[in-house]
Structures are given as C-alpha cells and as structure tokens.
Amino acid sequence: MIKSNKNWKIHRPDEEIVKNLMAELKLPSLHAKILVSRGFQDPASVKKFLTADASVLHDPFLLYDMDKAVSRIQAAIENSEHIVVYGDYDADGVTSVSVLTTALERLGADVTFVIPNRFEHGYGPNSELFQEIADLGASLVITVDNGISGIEQTAFAKSIGLDIIITDHHEIGESLPQADAVIHPRHPEGSYPFGELAGVGVAFKLASALLGEAPLDLLEFAAIGTVADLVPLLDENRYLVKEGIRRLRMSSRPGIQALAKIGGTEQRQFTEETLGFMVGPRLNAPGRLGDADPAVELLKAEDSAVATGIANELDRLNKERQALVNGITEEALSMIEQDYGAAIPYVFVLAKEGWNPGVIGIVASRLTEKFHRPSIVLAIDPSAKTAKGSARSIDGFDLYQELTKNKEILPHFGGHAMAAGMTLALADVDDLRDRLNKQAAQILTEEQLIANVQIDVPLTIDEIEVDVLESLELLRPFGMDFPKPVYMVEQITVGSIRKIGSAKNHLKLELEDGASKLDAISFGAGDLADEMTHGMSLTVTGDLQVNEWNNFKKPQILIQDIRSDERQVFDLRGIRDPLRWIHTIPKENALYIAFQPQTKTHFLPILQGREITLYEDRHSVETIDHIVLLDIPVHQEQLASLMNEYNPGRIYAHFYAPDSRYFDGIPDRKEFGWYFSFLKKRVTFDLSSQAEQLAKHKGWKLDTIYFMSKVFFDLGFVKIENGVVTIEPTAGKKDLAEAPAYQERKSQIEMEERLLYAPYHELKLWFQKVHQEIAVKEETVWT
C-alpha cells in the first residue's frame, strides 16, 4: 500500500453534461470535464465564457464617484496642477502606478508617483509622505491599490490643502475616508456589476474613464497585477488577463522583453504562470527589501539598455530575497524542531530579532504549506520592544476572527480568513501563542490538520494526447475561482520504475492502461521507487504537461500525490545475498519472520542487527507495515495467519530454502514397493553404511532412501534403531499418504511450488486474495 500525502476530495463531473458539451461544442473530453467541474452546465454559457472580448468590460462610470474623480482630474490637468499617484510596493501596486501615470501622461498631466517604503512608512497612506508631497507643490493625490483604510491620514492630507482621490479594492472598514472621491468596486453606495477587481483593475477603469476608451495596450500591466494579487479570474478579470497575456507575448516594451530574457522565458510562451512565478516576484522584490520605484521604472522604460539594467537589478534583488527567505525558513524550522520535536502544535507563533519584515510573509506561507498549520512569523524590533509580522492559515481556522478575539494584545492587525499582518508588544508574543493554540484546539479537528487536495478531472490515459493538452490554451487563464485543474488517472498499472537525477531522488514511471501508456515524473519522490513493484495498480494526481525532447513531443503527468490500496509484494527470491536487498527495507515497523529455527541461526549474523522472530514466538504489536518472509512456512495457513494478524502494506518474499524438495518430488508407489521388497529380503539394512551404495545402484538421491525409510517407520512397517532398518512382520496395510513424513514432504513441495517457484504474478495474486478476504472480514465486523 502507498498512502497519499493529502486528503483527496474527488469531484466527478456529470458524464451526461460532459458528453453534451463535447457534442455541441466539439470539445475534447478533457476540456469538457474541466468546464463542468467549474460549474458550467450548458453550451451557451461555455461559448460566452470562451469567446469573451472587450465587450465584457463594464462602463467605468458605473463605479461610484467615478464622475467626481474624472471631473477633478480633468480640472487639475487644465489648470496645470501637479498630480501625485500614490501607490503600493507590491506587484499590484507598481502595475497600478504604471497604468494610471501612463494614462495621465497621455492627457498631458503634470504627474509623478510616490510609493511608501515598507520599512520607513509602512503600508498605505502615510501622513509624513502626504506632508512631503504637499511641500513639493502638489495639489492632488490619487491613491492606487491602497487608501481605503487611511481615514486619519486622509483627514490630515485634507487639512494641509491636498485633494485626495482614493482608488482601492481592499476590504472596506466600518467607515470610509473623507476623500474627494472614493472609487471602489464594492463601494457600499455603489452598484458596480463586478466587485473583484485588483488594484490595477480599478486603476485601469479610471484610466479608461479619463481617456474615453479602454487603453488596451495597458492590459499588459493590468494582467500582471491581476494575476499577482490572486483575485478571481472571472468576468472582467478574465478578459484583462487573457487579452493582457496575448499582448505581452508580442509586446515591444523594453521592460517586458528584459523581464522575459532575465527570467529565461520565451516571451511568446508567456502564461498566467509566467506572470505569477517569474514576473510577479521580480516586481515584488525591490519593495520587499526597500524602494519599489525601480519596478515602475522598468515597466515604463523606453530604452532597452535602461530596461536591461533595471531588470538585472530586480533579478539580483529577487535572488537576495530568495536567500533571505531560505535562511529565515531554515532558522524557523530549527526553532520548531528544537521547541516542539515531533509534537507539532496547532498554531506556530515564531519570533526572532534580525528577521526581515519584508519577506516573513513568504516564510509563514512555507511553514503552513509544509506542516498544514496556521503560522505567524514575527520580526522583533528590540528598540521599540515590538514584534511585527505576517500570518497564514488553513481552512477551518479563520485567522481574522481568531486574532480579533485577542485584540486587547493586538493594537495593530488586519487581514482576512487566510492571511493577516500584525504588530504587538514583544512581551505579549508568548501570550498570543498560548491563546491561539487553545483556540485552535477547540475548533480544529484531526481531519482539518491534514491538507486537502480538490481533484476535479478524473481521466483515462487515452484521453491524454499532445494536441489536446496544447489546446488547453482555449481555457486559460487559470487562477482564483477558475483554478488550474488537478488531474487524476486512476487504477493504472506501473510498467517501469526508475530513480533519476544525479542524487537518484526523483521518480520516473511509465504508466499503462491496456494499450495506452503515459510517462510520469515525481520530483523529490525517488524513495517511493522502493515501495513499488512492476505491475502494481495505483492512482496518481497531478498536472499534465507536454514534454518535448529532440523535437519529439509526449504527454506526461507531473505527479503531486500517489495512492495504492494494493498490498505490495517484493520479490527477493532470486537474490541470495541479503546485502543486496536489506537496504531497501525500511527499518521502522518491519517484522522479519523465520518459520525454521535454523533459518534464524543462518540470518542473524547477516541482517545487520535486525531482530528475527520465529513464527511460533511472534506477538501482537500495534503497527507492522512490512513483513519479511525469510523462509517457507510449513503450511499455507501460517502465512494467512500472519496476514490476518498484521495486515502489512508490504511483503518482502525471500523464501530461503537450502533443502528444496520441489525438483526431487515424491517417490512413486513402484519405487516405494521396490524398496520395501528389498528390505524384506534383508534381515537388516544399515542406512549409515549401506544407503549410499544402494542410492548409486538405483540412481536415487541419498535423501530419497532416508525419506522412504521415515515413511515406513511412521506407518509402523519398519523400526529404525541406531540407523539400522528392520522389517516389522506384524504391520498391517496402510496408505503411504497417512505417514506424517509423507504429508510433510507433500506440503513442502506444494508450498515451494506456490511460493518459491511460482511466477511473480501468481505469488502476488495469492497475497491479494488473502488481502481481499481480510477486507471482507473487517467490513463484516464494522457492519
């Protein structure tokens, strides 16, 4: 058996709806299954979804206060007022700045931008920065991707003569800032049709309203920010990203070309994953470590040499950020091991001086990913005696609600169910840890502490073809609320197993389903090869890809998880030297069984200190995952008894048999008859001195004479004293098969035939039959 790493939540799309979409829209089954799993029911809604164009963009003036904002900005342009776009330091923020400043420049505005420094100013509106802006002569500030929570700061800006237009998409609090205009897709007094725009989406709507039309070339920026901010890729967002990626693939912007080059990605192959994992992190990097301005300068660069220089700097900063994250993660893991050992708590609250506040949110994400526990990572400021940091959570533990219960020790915190940020007194960190763990213990179940994976596209291998996978472009982009599919290929057979990579730490499989085959790879899972056998049945989940090598394309699945309910039987019968297979058997929860005392004596000095248990000396234990059968049992029932008692997931069959009888067989009645007549003619027959001569004369093995003599002795036909055989004249008629020695030899031959010399598939079938019988018994008990 191979246990999956996560709880599988399998959703099987309605087959009739899938067939209907396939027939009506001429879609491959894979596409239809994805769409049905995403909630689509009829061809008309699918067609509308797949063919969305600019007509899906809503009128920007449907946004509350848009008319006020446009009017004030137009007046500022006409009066040559200095306008400042006030941004945020993440990818959504810098793309928002790039969109709005570009649009204002096209209108002839006197515009510059300001982005707060994470470490000096913190997130969002900052009164000191507003004062600096006013001192430089600006009269109008437009926030992008922030501002909705800056009530006090907005009031201050107004008090020093600044006009403020706020554009944001974050959660709205109990009251709104008293700005000149507040543009928000979920404004409480508004009725905008789509409330899930990213910050850059809101900036794009303002740019559209100002320009009188949607600036489609700026969709390149809108796509990046929308993907990076993890908003739902539905409605307008889907078009912004889909069309934005199409334009990015052929963009002539030096900044985009430089990002593609530095990221080692062909520009024409950009996808939403490129934006999320290559472009986004590099635009985020400067803001995490200091000043975010270079990210805007790169996006707006008009000179290739300048763009290349900035891109190289952002790449350097991103590598620095990665090194910081890796270092802090290692320190956090060491703290967890030292403080908790194997007793993992419900909630991690880790704090240390010297940790960079700009990257600890990523560290919290890594810890939550690894342990599936809510994680809070805090950077200690010893001078202020405070701890500031970020938190990530799991389903079932609403982070914002649980932090709210502790607001008396959390003077500053915000966020939502799955992520949050906070600042608290250093003296309260231990108290927060204790409180959150007590709260978690009351609401989290054991099942919730195991990560779930939603599997929504079950497939057969024959559905997976190169042209079908390449045509998935039709369904892109995947993201929030239209997630990338998790595929499942179930009950398939392992054709080949290999460890690959220089350290042999990756797993390569060839999976088979009748005539169809599929390559599979699982990175970091090389050890699983030791748990697999050729021909085993398993189910895999993961991502489908097209693997191209030497201009030849093949589909493959990148495995994320594997499960097999089948008991694994590892065939060690032909490997005489145990040193060749002992290392493949896990040391934990393994039982080495010998049926004969001499077998234990033989293996003890060989098996490197492992304990060997005689069958009759076994005792029940809580967990035995692996049984190693060192020799052959006398009776089949002994094996069945072992399987019933321990129900192991893996069986290692060695079946050491130094005195095999299978090829000797059992003498026939004619041979028994001749030997008995021979004995009757002799007064006595000394086995020790005469048996070898008789064996040569008859062409028998010496053991055959000893065996027949033992059978006659068991039946009372002869007596044997000191190796001398003498006929018992009073013995009655008996069947040879009644003799215990005969029965034992017959049983040994049958067991050797079934266990030692049977083809592997027959041996495996026998163990599977026993496994099924055990499962039936367990089901009967529970029902």
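Reference entry: report on the structure contained in this document. Note that the coordinates shown come from a computational prediction; the quantities given were computed from them, not determined experimentally.

**A short note on the pairing of strand S9 (residues 386-392)**
Examined bridge by bridge, strand S8 (residues 375-381) and S9 share seven bridges and lie antiparallel to one another. Its bridge partner lying in S9, Ala-379 is registered against Lys-388. Here S8 folds back onto S9, and the loop between the two strands holds four residues, one of which, Lys-385, carries a positive phi near 55°. Here S9 runs beside strand S11 (residues 419-425); their pairing, made up of seven bridges, is antiparallel. Bridge pairing links Arg-392 to Ala-419 in S11.

**Quick look at empty space enclosed by the protein**
In this structure the tally under the stated criterion is one cavity of 30 Å³ or more. Here the largest cavity is characterised by a volume of approximately 30 Å³. Classifying every residue of the lining of the largest cavity gives one nonpolar, two polar and three charged.

**Quick word on unusual backbone geometry**
Cis rather than trans, the peptide bond between Arg-476 and Pro-477 has omega equal to 10°. Among the structural elements, Pro-477 can be located in the loop between helix H18 (466-470) and strand S14 (487-500). Positive phi values are uncommon outside glycine, yet Lys-26 reaches one of about 55°. Along the chain, the position of Lys-26 falls in the loop between helix H1 (15-25) and helix H2 (29-37). A positive phi angle, near 55°, is found at His-372, a position not held by glycine. Checked against the element boundaries, His-372 lands in the loop between helix H15 (360-371) and S8. When its relative accessible area of 18% is taken as the criterion, His-372 is described as buried.

Conventions used here
- Counting starts from 1 at the beginning of each chain's written sequence and moves along it residue by residue.
- Where local features are concerned, this predicted model is filtered to residues with pLDDT of at least 70; where side-chain atom pairs are given and counted, the filter is 80 or more; whole-chain, interface and lining totals use all residues.
- Side-chain measures were taken over the full set of non-hydrogen atoms in the model, leaving aside hydrogen atoms and water.
- For two strands to count as paired, DSSP must find a minimum of two bridges between them.
- Helix numbers and strand numbers start at the N terminus; a helix is a DSSP run of H or I with at least 4 residues, a strand a run of E with at least 2.
- Think of a 1 Å grid over the protein atoms and nothing else: a 1.4 Å probe that fits but is trapped marks a cavity, an open set flanked by protein within 12 Å on at least five of seven lines marks a pocket, and residues with an atom within 4 Å of a point count as lining.
- Grid points are joined across faces, edges and corners, and a volume is the space filled by probe spheres set on the points.
- Under the convention adopted here, Pro, Cys and the residues Ala, Val, Leu, Ile, Met, Phe, Trp and Tyr are nonpolar, Asp, Glu, Lys and Arg are charged, and Gly plus all remaining residues are polar.
- Buried residues are those whose accessible area, probed at 1.4 Å on protein chains only, stays under 20% of the maximum for their type, while exposed residues exceed 50% and partly exposed ones sit between those limits.

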